[in-house]
Structure formats: structure tokens, C-alpha cells
Amino acid sequence: PNPSKDCKFDPCPQEYVCPTDVKECDDGSYVNHNPDKGCAFDLCPEEIVCPSEVKECPDGSYVSPNPSKDCEFDPCPQELVCTSDVWQCDDGSYVNQNPHKGCAFDFCPEEIVCHNEVKECPD
């Protein structure tokens, strides 16, 4: 009872029981009726506009907010972690595995091969 209303009860909050049909979005996904929105359909991913900000990943790439995940950022690509193996080159120097080359070893200095092309210069 509400004393300010002559001890009458406040009306019960309206509880929505939404229809069970779904709406197909342009991208092929589906959305349901939302009781918190008066049974209106949730927005399709293409209708959600996320901020245009980007997040830089440890590997230097960028990810954007994903509208189908409530504008949370997509995960950064898994950064490849190579073993700590090193390769000793013929000249005694060492090279590491390179994660940007699928963990292949970097070239030894003497292994860099140039093509035998000739450049003609103006005299």
C-alpha cells in the first residue's frame, strides 16, 4: 500500500511477454523481441554503429569494435611466439627465429643472395 495514494497499491510493473518470432537481419543473423524495449526487436548488427576508434595490437595490427559483440573490440591476432633457438651462421654470427616469417630463421649475412642483374648507368 502507498500512503500517499490513500493506502492503495501502486500498479504492478507491466511485465512484457513478447512474441517468439524472430527477425532475420541482412547478414543472415537473427534477433529476438526484447522485453526491456517494449518487445521491440533488438537491433541487427548492421544497424548498430560503433565508435570509429581502433585498438593497436602488440603485433602492430589494428582491430575495430565489432557491432555484433556490443561494440567490443575484436581480439588481436595471436602473436606467434617462437622458441628461443638460434642458428649459428658460417661466419660465427647468430640469427633468431622470426615470428613474422612463421618462425623461420632470419638469413645469415652470407646467405643473402642478389640477382645477377646489371644496371646500366648514363655516362
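Note that this is a predicted model, so its numbers are computed, not measured.

Points about the environment of P35
Here comes step 1: Here P35 is to be found in the loop between β3 (33-34) and β4 (40-41).
Here comes step 2: Overall, P35 belongs to the partly exposed group, its relative accessible area being 41%.
Here comes step 3: With 17 residues separating them along the chain, P35 and C18 place their C-alpha atoms 6.2 Å apart.

Topic: the packing of aromatic side chains
Here comes step 1: Counted under the stated rule, the structure contains 1 aromatic pair.
Here comes step 2: Ring geometry for W87 against F105: centres 5.9 Å apart, planes inclined by 45°, an arrangement best described as tilted. Highlighted residues: W87 in strand β9 (residues 86-88) and F105 in strand β11 (residues 104-105), separated in sequence by 18 residues.
Here comes step 3: Of the residues examined, W87 reaches a relative accessible area of 47% and is grouped as partly exposed.
Here comes step 4: Overall, the relative accessible area of 30% leaves F105 in the partly exposed class.

With respect to the state of the cysteines
Here comes step 1: For the structure on display, the rule yields 5 disulfides.
Here comes step 2: Here C25 is linked by a disulfide to C44, with a sulfur-sulfur distance of 2.0 Å. An S-S torsion of about -80° defines the bridge between C25 and C44 as left-handed. Within this pair, whereas C25 is found in the loop between β1 (23-24) and β2 (30-31), its partner C44 is found in the loop between β4 and β5 (55-56), the two being separated by 19 residues in sequence.
Here comes step 3: Judged by relative accessible area, C44 falls into the buried class, the value being 1%.
Here comes step 4: The disulfide partner of C50 is C71, and the S-S distance across this bridge is 2.1 Å. Around the S-S axis, the bridge from C50 to C71 shows a dihedral of about -90° and counts as left-handed. Note that C50 is positioned in the loop between β4 and β5 and C71 in the loop between β7 (65-66) and β8 (72-73), a separation of 21 residues in sequence.
Here comes step 5: Here C71 falls in the partly exposed class, since its relative accessible area comes to 22%.

About the cut-offs
- Residues numbered from 1 in each chain as written.
- Predicted model: local features only at pLDDT ≥ 70, side-chain atom pairs only at ≥ 80, totals over all residues.
- Heavy atoms only, no water.
- Helix = DSSP H or I, 4+ residues; strand = E, 2+ residues; numbered from the N terminus.
- Buried < 20%, exposed > 50% of the residue type's maximum accessible area, 1.4 Å probe, protein only.
- Phe/Tyr/Trp six-rings, centres within 6.5 Å; stacked < 30°, edge-to-face > 60°.
- Disulfide = S-S within 2.5 Å.

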